[in-house]
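# Analysis of the macromolecular model
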Amino acid sequence: MPPAPRPAARHVLWHWATPQAEAVLASRELGTILRFHRAMHRLNQTELGEALGYDKTYVSALELGKRSLDDVGSRRRVAERLGLPPHVLGVTDAADTDHRAMVQFGESTVRLAEIARQSGHASEAVAELWPLVARLEARVEDGHSERDVVRLLARARLGIGVALGNVLPEERLATAARWTARSLEAARHLGDDPALLSGILRMHGNELRKARLTGAAVERLRHAAAIAPTPDDRAAVLPLLARAAGAIGDRNLFDTVIRETDSLLDRAAHTSLFNPYSLHEIRLRGLLATGRAPAAIRLVEERPALTTRVAPQWRVIELVTVAQVRLIGGDRAGAAEALDVAVSEAVVQRLPHQLQRMMRAAGLRLPDIRAAAGEALDRMRHEMAA
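Once a new chain begins, its residue numbering starts again from 1 and follows that chain's sequence as written. Residue-level local features of this predicted model are given only where pLDDT is at least 70; pairs of side-chain atoms are given and counted only at 80 or more, and the full residue set underlies all totals for whole chains, interfaces and linings. No hydrogens and no water enter the side-chain calculation; it runs on all heavy atoms of the structure.

## Some remarks on helix H14 (residues 251-265)
Along an α-helix, residues three or four apart share an orientation, since each turn contains 3.6 residues. A rise of 1.5 Å per residue sets the reference length of H14, with its 15 residues, at 21 Å; its end C-alpha atoms lie 21 Å apart and thus fit the reference within 8%. Buried residues of H14: Leu253, Phe254, Val257, Ile258, Thr261, Leu264 and Leu265, and no others. For H14, the arc enclosing every buried residue in end-on projection is 130°, short of the 170-degree limit, so these residues lie on one face. Set apart from the buried face of H14 by more than 90 degrees, the exposed residues are Asn252 and Arg259. In this analysis, two residues are considered to be in contact whenever any of their non-hydrogen atoms come within 4.5 Å of each other. Helix and strand assignments come from DSSP, with helices taken as H or I runs of at least 4 residues and strands as E runs of at least 2, each series counted from the N terminus. At its buried positions, H14 is contacted by helix H12 (214-227), helix H13 (231-247) and helix H15 (276-289). Pairs of N or O atoms are called polar contacts if they sit within 3.5 Å, as long as, within protein, a hydrogen donor faces a hydrogen acceptor (for residues adjacent in sequence, only side-chain-to-side-chain pairs). Between the side-chain oxygen of the N-cap and the backbone nitrogen of asparagine 252 there are 3.4 Å, and the N-cap of H14 in question is aspartate 250. A helix is expected to span 1.5 Å for every residue after the first. Remark: exposure states derive from per-residue accessible area (1.4 Å probe, protein chains only) relative to the maximum for the residue type, with buried under 20%, exposed over 50%, and partly exposed in between. Here, the arc refers to the directions that run from the helix axis to the C-beta atoms.

What follows is the structure in structure tokens.
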């Protein structure tokens with residue numbers, strides 16, 4: 001039988017990010033690390049020796065623990081050729097210090113970018129995350145796929161995708177979904193982090209819904225809910241699943257998810273993301289999408305008080321949905337008032353997708369609002385093109 005083909009580089013690129021690799025690296029035993037590396041790359045001892053500059057006999061002795069690498073230079077060279085941070089083999093140098101600083105800086109960048117996005121500054125979030133993602137991807141391409149790097153890369157890619165989902169117009173929202181899909185690719189290589197994977201599936205599913213890939217959105221969100229490790233994590237998924245269920249017109253799924261959402265959010269900690277105000281918008285939109293406009297018209301009058309904990313973009317999203325319901329109920333003045341405020345806020349927050357929703361909501365009944373939203377959208381497109 002011919003030997004099995006070796007995996008392509010892209011298939012072994014992530015091997016140090018697996019749970020098995022984490023246990024191997026934690027041992028700090030050179031022999032164990034060498035055997036794992038050979039197994040992942042399907043190398044024999046002669047081939048590994050050629051890569052490291054040793055003969056087969058010496059590699060065998062290292063793997064069996066009969067020989068050791070006592071000098072710093074040899075350990076640093078082996079770490080470099082295996083694509084490992086030097087500290088794994090007991091070497092602390094400038095490169096390793098730089099790696100740790102990069103990870104620490106990257107964690108702060110991701111957190112601050114999310115705060116910026118939630119505060120209505122999604123463009124600034126994208127600008128902050130681009131350099132970090134480029135640096136992390138370059139490190140992975142060089143073969144340094146440590147778990148902390150891959151995890152940070154997954155979160156940074158996700159941050160870019162979600163922020164782009166705020167600042168791109170509808171015809172380009174698939175770009176945001178592709179970025180969140182790339183985040184999912186990285187997270188899956190970690191293998192044993194259900195909280196991270198559930199969170200990424202949640203946001204990827206939401207971007208798919210916005211890109212009108214609603215069937216795939218429901219699938220991803222169901223998966224996110226199924227693997228959510230805590231009630232809080234599940235409570236973060238369900239409102240987005242309700243929105244996707246409404247988008248596909250599945251009344252039973254929408255009602256079931258909303259009931260569980262109400263129950264979970266009474267006990268969960270995600271009130272900053274999905275409080276009664278934002279859930280009100282999800283209910284209104286879901287009722288409209290599942291053919292229950294009269295119920296939506298009745299519910300619109302039960303609007304919860306706006307709190308300072310609601311992200312600015314949620315205010316715009318809710319205003320557009322309220323205007324849609326008011327127009328269906330014959331309240332043209334109320335709809336115009338809501339959309340007028342929404343246009344101004346969408347300009348400040350730079351939300352082209354919401355301006356497009358406003359244009360559809362205004363239609364022929366509110367031509368002035370439609371024109372104002374269209375002009376604002378054209379200006380944004382011109383600025384993005386420039």
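## Digging into the packing of aromatic side chains
The criterion for an aromatic pair is that two Phe, Tyr or Trp rings (for Trp, the six-membered ring) have centres within 6.5 Å, with stacked assigned to planes under 30 degrees apart, edge-to-face to planes over 60 apart and tilted to the rest. Counted under the stated rule, the structure contains two aromatic pairs. Seen in terms of ring centroids, tyrosine 54 and tyrosine 58 are 4.8 Å apart; in terms of plane orientation they differ by 50°. Their pairing is tilted. Using a relative accessible area of 16% as the deciding quantity, one classes tyrosine 54 as buried. Both rings, one in tryptophan 130 and one in tryptophan 179, keep their centres 5.2 Å apart while their planes meet at 80°; by these two values the pair is edge-to-face. Here tryptophan 179 lies in helix H10 (residues 173-190) and tryptophan 130 lies in helix H8 (residues 122-141), a separation of 49 residues in the sequence. A relative accessible area of 11% places tryptophan 179 in the buried class. For a ring to carry a charge above it, either NZ of a lysine or CZ of an arginine must fall within 6 Å of the ring centroid while also lying within 35 degrees of the normal to the ring plane. Arginine 182 extends its terminal NZ or CZ atom over the ring of tryptophan 179, reaching a point 4.6 Å from the ring centre.

## Here's the deal with the packing of H12 against H13
Pairs of packed helices are described in terms of their axes, by the angle between the two and the distance that separates them. To get an axis, fit a line to the C-alpha atoms, keeping to the stretch in contact for a helix; angles then go from 0 to 180 degrees between the N-to-C directions. One can describe the packing of H12 onto H13 by two numbers: an axis separation of 9 Å at closest approach and a directional angle of 160°. Of the possible angle classes, the one that applies to H12 and H13 is roughly antiparallel. In this structure, the crossing between H12 and H13 has a hand that is left-handed. On the side of H12, the interface is formed by Thr214, Ala217, Val218, Leu221, Arg222, Ala224, Ala225 and Ala226, while H13 contributes Arg234, Val237, Leu238, Leu240, Leu241, Ala244, Ala245 and Ala247. Here the angle decides the label: under 35 degrees means roughly parallel, over 145 means roughly antiparallel, 65 to 115 means roughly perpendicular, and every other value means oblique. Less than a right angle of anticlockwise turn of the near helix away from the far helix marks a crossing as left-handed, whereas a clockwise turn marks it as right-handed.

## As for the environment of arginine 315
Inspection of the secondary structure assignment puts arginine 315 in helix H17 (residues 312-328). A sequence separation of 38 residues divides arginine 315 from tyrosine 277, and the C-alpha atoms of the two residues are 8.8 Å apart.

## Overview of helix H19 (residues 352-362)
Taken across its 11 residues, H19 has 10 buried, putting it largely inside the fold. Considered for burial, the residues of H19 that qualify are Pro352, His353, Gln354, Leu355, Gln356, Arg357, Met358, Met359, Ala361 and Ala362. Following H19 by one or two positions, glycine 363 has its phi on the positive side, about 50°.

## A closer look at the packing of helix H11 (residues 194-210) against H12
Where H11 meets H12, the closest approach of the two axes is 8 Å, and the angle between their N-to-C directions is 160°. Here H11 is positioned roughly antiparallel relative to H12, judged by the angle of their axes. Considering the relative orientation of H11 and H12, their crossing is left-handed. Between H11 and H12, the contacting residues are Pro194, Leu197, Ser198, Leu201, Arg202, His204, Gly205, Asn206, Leu208 and Arg209 on the first element and Thr214, Ala216, Ala217, Arg220, Leu221, His223, Ala224 and Ile227 on the second. Broken down by class, the residue content of the contact of H11 with H12 amounts to nine nonpolar, six polar and three charged. Lys, Arg, Asp and Glu make up the charged group, whereas Ala, Val, Leu, Ile, Met, Phe, Trp, Tyr, Cys and Pro make up the nonpolar group; the residues left over, Gly among them, are polar.

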